[in-house]
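Residue-level listing of the chains:
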Amino acid sequence: MQTLAERVETGNVRIAVIGCGIGGMAAALALKRAGSDVTIFEKFEAARPLGAGLLLQPTGLWALRELGLADTAINVGARIKRLDGRTPAGRLLLDLDYERWRTGAFGLGIHRASLFSVLHDAIRAEEIPVALNEEITNIAAPWWPTLMSASGARFGPYDLVIIADGAHSALRSTLMPQARAPIYPWGALWTILPDRNGEFPDTLRQIYRGTQMMIGVLPIGRDPASAEMMPAVSFFWSIMRKDFDAWRRTPISEWKKDVARVWPEAESLLAPVSAHDEISAATYSDVRMKTWRNGRLLFLGDAAHGMSPQLGQGANLALIDAVLLADTLKRADRARESVEHALYAFERRRRAHVNYYLYASRWLTPFFQSNSRLASAFRNVAFPLARNLPFFPGFMMRTLVGVQRLSFRPFPVP
């Protein structure tokens, strides 16, 4: 098998990235800067972001800093100092301050479209080609992969194919039939709203009524869809997927009253909402793969390890994947190792980190999104008490900022 170094020497290292989302663009950017010939394939006619606001943790910001994009993102986002989670009666369940982890640390609330633009501008600056309207439906010969498009076109062969087409990846079902990706019974309604009076600064705020209702407001900085570029927040409301249609049949005014009864402070925030189509529905998959590799194919980001949004780590893990993949390939180049060995080394390097958040997400989700009264009662008693235990606050902070792993050593963030 030809080594990566031998391919580098001939100047013919060709990499295809499937999916022009956060993980795909970050991987393409990191790999191009490492010296590879990279092409992105996107199934839509125009590359565009999907989703609302997201929270970049110090780990995700580290990855953006490695790509030279952290300052640009910070300029359009909102610094988040803490997470505040309460019951409707005001009982404090979660109180996580980034300063407790490290002086000067913060999260970054950012509109998904803003982060998309930061990465997409960098892709254009690097002149990385993006093949639009090319839905890749299958890949022939994983050890020397050729892409097959729905249009009938074939592309390749490539030295490496990165599959970053999201948690609902169609290619994962085709190429890795042993993988499982059940959709969570709970989803969310979300929308972007202006925070004209600055009532929701620097804190991710959440309200929990039992485990059946969770409302959240995340500051995301400037709204790129607003002509005034005014400060905005991402508003989300948990709901079971089976109840989406019933919600659409309910007058929007009645739903807003439900929100106000649980969280009166959010009433003025929702005042501009007048129709159901101003609010989007989101579903989430719990992706389970024994391996992310198949020959010279690698699944990355949510396509490899999509999870519940409860811990807010999806985008962060995808950005880290991208940076560490490029670094692992560089190491393989120096050691004159094959692409296959590099992918094996990459997966070993990432598993302890990613698996912690996969397991933690599955474990925590029922305490915030389920029909269990027992889980709600346990959470409301145990979480406040646990804040006073010697180890628990530090453990929760490491989990929040994204450095916890299934090992004694946390993920290293300089």
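Scroll up for the structure.
Draft legend 1. Representation of the packing of helix α10 (residues 314-334) against helix α11 (residues 339-364) in the model. Contact pair α10 / α11: the axes reach a minimum separation of 9 Å and the direction vectors enclose 155°. By the angle between their directions, the pair α10 and α11 is classed as roughly antiparallel. When the axes of α10 and α11 are compared, the crossing they make is right-handed. For the pair α10 and α11, contact is made by Leu317, Ile320, Asp321, Leu324, Leu325, Asp327, Thr328, Leu329, Arg331 and Ala332 and by Ala342, Leu343, Ala345, Phe346, Arg349, Arg350, His353, Val354 and Tyr357, respectively.

Draft legend 2. Summary view of the sheet that holds strand β12 (residues 160-163). If you walk across this open sheet you meet the six strands as β8-β2-β1-β12-β19-β18, and the pairing is mixed. Looking along the sheet, the strands with just one partner apiece sit at the ends: β8 (130-131) and β18 (293-294). As defined by bridge partners, β18 adjoins strand β19 (residues 297-299) across two bridges and the pair is classed as antiparallel. Directly across from Arg293, in β19, lies its bridge partner Leu298.

Draft legend 3. Structural detail: the pairing of strand β9 (residues 136-140). Taken together, the four bridges between β9 and strand β10 (residues 146-149) define a ladder with antiparallel strand orientation. Within the sheet, the bridge partner assigned to Asn138 lies in β10 and is Met148. Counted along the chain from β9 to the antiparallel partner β10, the turn is five residues long, and its residue Ala141 has a positive phi close to 55°.

Draft legend 4. How the structure looks around the pattern of salt bridges. Evaluation of the coordinates by the stated rule reveals 20 salt bridges. A salt bridge links Arg82 to Asp84; its shortest N-O distance comes to 3.2 Å. By relative accessible area, Arg82 is classed as partly exposed at 23%. Asp321 is the salt-bridge partner of Arg350, the closest N and O atoms lying 2.7 Å from each other. Taken together, the residues Arg350 in helix α11 and Asp321 in helix α10 connect sequence positions 29 residues apart.

Draft legend 5. Fine view of the pairing of strand β15 (residues 213-222). Burial analysis of β15 places nine of its ten residues in the buried class, which makes it a mostly covered element. Sheet analysis places strand β14 (residues 203-209) next to β15, joined by five bridges and oriented antiparallel. Directly across from Arg209, in β15, lies its bridge partner Met213. Between β14 and the antiparallel strand that follows it, β15, lie three residues; Gly210 among them carries a positive phi value of about 60°. Bridge count between β15 and strand β16 (residues 231-240): seven bridges; the pairing is antiparallel. Opposite Leu218, over in β16, you have Ser234 as the bridge partner.

Draft legend 6. Expanded view of the packing of aromatic side chains. Going through the model one piece at a time under the given rule, you end up with 15 aromatic pairs. Ring geometry for Trp247 and Trp255: centres 5.9 Å apart, planes at 85°, overall edge-to-face. This pair shows no difference in class: Trp247 is buried, exactly as Trp255 is. Between Tyr356 and Tyr357, the ring centres sit 4.9 Å apart and the planes meet at 90°, which makes this aromatic pair edge-to-face. The pair formed by Tyr356 and Tyr357 is uniform in burial state, with each residue classed as buried. Taken together, the ring pairs in this structure connect Phe235, Trp237, Trp247 and Trp255 into an aromatic cluster. One residue, Arg14, lies across the ring of Tyr158, its end atom 4.6 Å from the ring centre. Over the aromatic face of Phe106 sits the side chain of Arg79, whose NZ or CZ is 4.1 Å from the ring centroid.

Thresholds applied
Residues numbered from 1 in each chain as written. Predicted model: local features only at pLDDT ≥ 70, side-chain atom pairs only at ≥ 80, totals over all residues. Heavy atoms only, no water. Axes fitted to C-alpha atoms, helices over the stretch in contact; angles between N-to-C directions. Helix = DSSP H or I, 4+ residues; strand = E, 2+ residues; numbered from the N terminus. Parallel < 35°, antiparallel > 145°, perpendicular 65-115°, else oblique. Left-handed = near helix turned anticlockwise from the far one by under 90°. Contact = heavy atoms within 4.5 Å. Pairing = 2+ DSSP bridges. Salt bridge = Lys/Arg side-chain N within 4 Å of Asp/Glu carboxyl O. Buried < 20%, exposed > 50% of the residue type's maximum accessible area, 1.4 Å probe, protein only. Phe/Tyr/Trp six-rings, centres within 6.5 Å; stacked < 30°, edge-to-face > 60°. Lys NZ or Arg CZ within 6 Å of the ring centre and 35° of its normal.

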